Amino acid sequence: MKKILMIFCCFIMLFLWGCRKTSFNFLHNKSEIVSIAIVTIEEYDSGIPLMTTIVNVDDLEMFLSDFLNLKCYSIWTDPKGVYAGDTAIKFQYSNQEFQLVTCSGQAKYVFSDYFNDYYFNSYAGYYYFDQYEFDNLIKKYTIHTYD
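Bear in mind the structure is a predicted one, so any value in this text is a computation, not a measurement.

Q: Where do I start with the overall build of the chain in this structure?
A: Within the chain one finds three helices and nine strands. Mapped from its N terminus to its C terminus, the chain presents α and β elements in the order α-β-β-β-α-β-β-β-β-β-β-α. Buried residues in the chain amount to 36% of all 147 residues. Nonlocal contacts in the chain, meaning residues at least 24 apart in sequence, comprise 66% of its contacts between residues at least 6 apart. Summed over its atoms, the accessible surface of the chain is roughly 9,400 Å², and 57% of this surface lies on carbon and sulfur atoms.

Here it is as structure tokens:
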């Protein structure tokens, strides 16, 4: 009985420490972000997302400030990716890499000079955001596109 109780306590502690509030870490320095867009992932073609841009963000500093104020949590599990049907934030960096961020997943894409195209590099983070806050951020910057 004591062994079962000890195992149960270990699982509870792992669960409590497996998720913690944190701040989001970008793939590169924020100063290297050259554009931000809110996109819908339509489908994947050879690992590359086909995206429809909902809106290109004009005020990068304001958006970054709003984005960094979202409640962000890190998780100690396999990272969740970005899937067809997701609405994502696309951070484009000056080195031609881009990062897609959804409420519960991230992915990194890099440019290949050899193929002259982008390719999937990795799931880029172990972060998830408060769904309500994330959706409100998306609405704040896209509401004028639906009028």
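Q: Would you mind showing me how to read the packing of helix α2 (residues 60-68) against helix α3 (residues 131-142) here?
A: The description of two packed helices rests on the angle between their axes and on the distance between the axes. At their nearest, the axes of α2 and α3 sit 10 Å apart, and the two run at 160° to each other. With respect to each other, α2 and α3 are oriented roughly antiparallel. Here α2 and α3 pass one another in a crossing that is right-handed. For the pair α2 and α3, contact is made by Met62, Phe63, Asp66 and Phe67 and by Leu137, Lys140 and Tyr141, respectively. Residue composition of the contact of α2 with α3, by class: five nonpolar, no polar and two charged.

Q: Would you take a moment to explain the nonpolar core for this structure?
A: Side chains that are nonpolar tend, in soluble globular proteins, to be buried together. Phe63, Phe67, Ile89, Phe91 and Phe129 are the most contacted members of the largest nonpolar core, which has 23 residues in total. At four residues, α3 tops the list of elements feeding residues into this core. Every residue in contact with phenylalanine 67, bar those within four places of it in the chain, is listed here: Phe24, Phe26, Ile89, Phe91, Val101, Phe129 and Leu137. Counting ten residues, the second largest nonpolar core, distinct from the first, contains Ala37, Val82, Leu100 and Tyr109.

Thresholds applied
- In this numbering scheme, every chain counts its residues from 1 along its sequence in written order.
- Reporting in this predicted model follows two pLDDT cut-offs: at least 70 for local features of residues, and 80 or more for side-chain atom pairs to be given and counted; totals over whole chains, interfaces and linings ignore these cut-offs and use all residues.
- Side-chain numbers here rest on the full set of heavy atoms in the structure, without hydrogens or water.
- A run of H or I in DSSP counts as a helix once it spans at least four residues, and a run of E counts as a strand once it spans at least two, with each numbered from the N terminus.
- Only protein chains enter the accessibility calculation, which uses a 1.4 Å probe. A residue is then buried if its area is under 20% of the maximum for its type, exposed if over 50%, and partly exposed in between.
- Contacts were defined at the residue level, with two residues in contact if any of their heavy atoms lie within 4.5 Å.
- The protein chains shown are the only cover counted for residues, whose accessible areas, like all others here, come from Shrake-Rupley with a 1.4 Å probe.
- In this analysis, axes come from line fits to C-alpha atoms, helices being fitted only over the stretch in contact, and the angle between any two N-to-C directions falls in the range 0 to 180 degrees.
- For classification, angles of less than 35 degrees are called roughly parallel, those exceeding 145 degrees roughly antiparallel, those between 65 and 115 degrees roughly perpendicular, and all remaining angles oblique.
- Throughout, a crossing is termed right-handed when the near helix is turned clockwise from the far one, and left-handed when it is turned anticlockwise from it by less than a right angle.
- In this classification, the charged set is Asp, Glu, Lys and Arg, the nonpolar set is Ala, Val, Leu, Ile, Met, Phe, Trp, Tyr, Cys and Pro, and all remaining amino acids, among them Gly, are polar.
- The criterion is simple. A nonpolar core is a set of buried Ala, Val, Leu, Ile, Met, Phe, Trp, Tyr and Cys residues joined through side-chain atoms within 4.5 Å.

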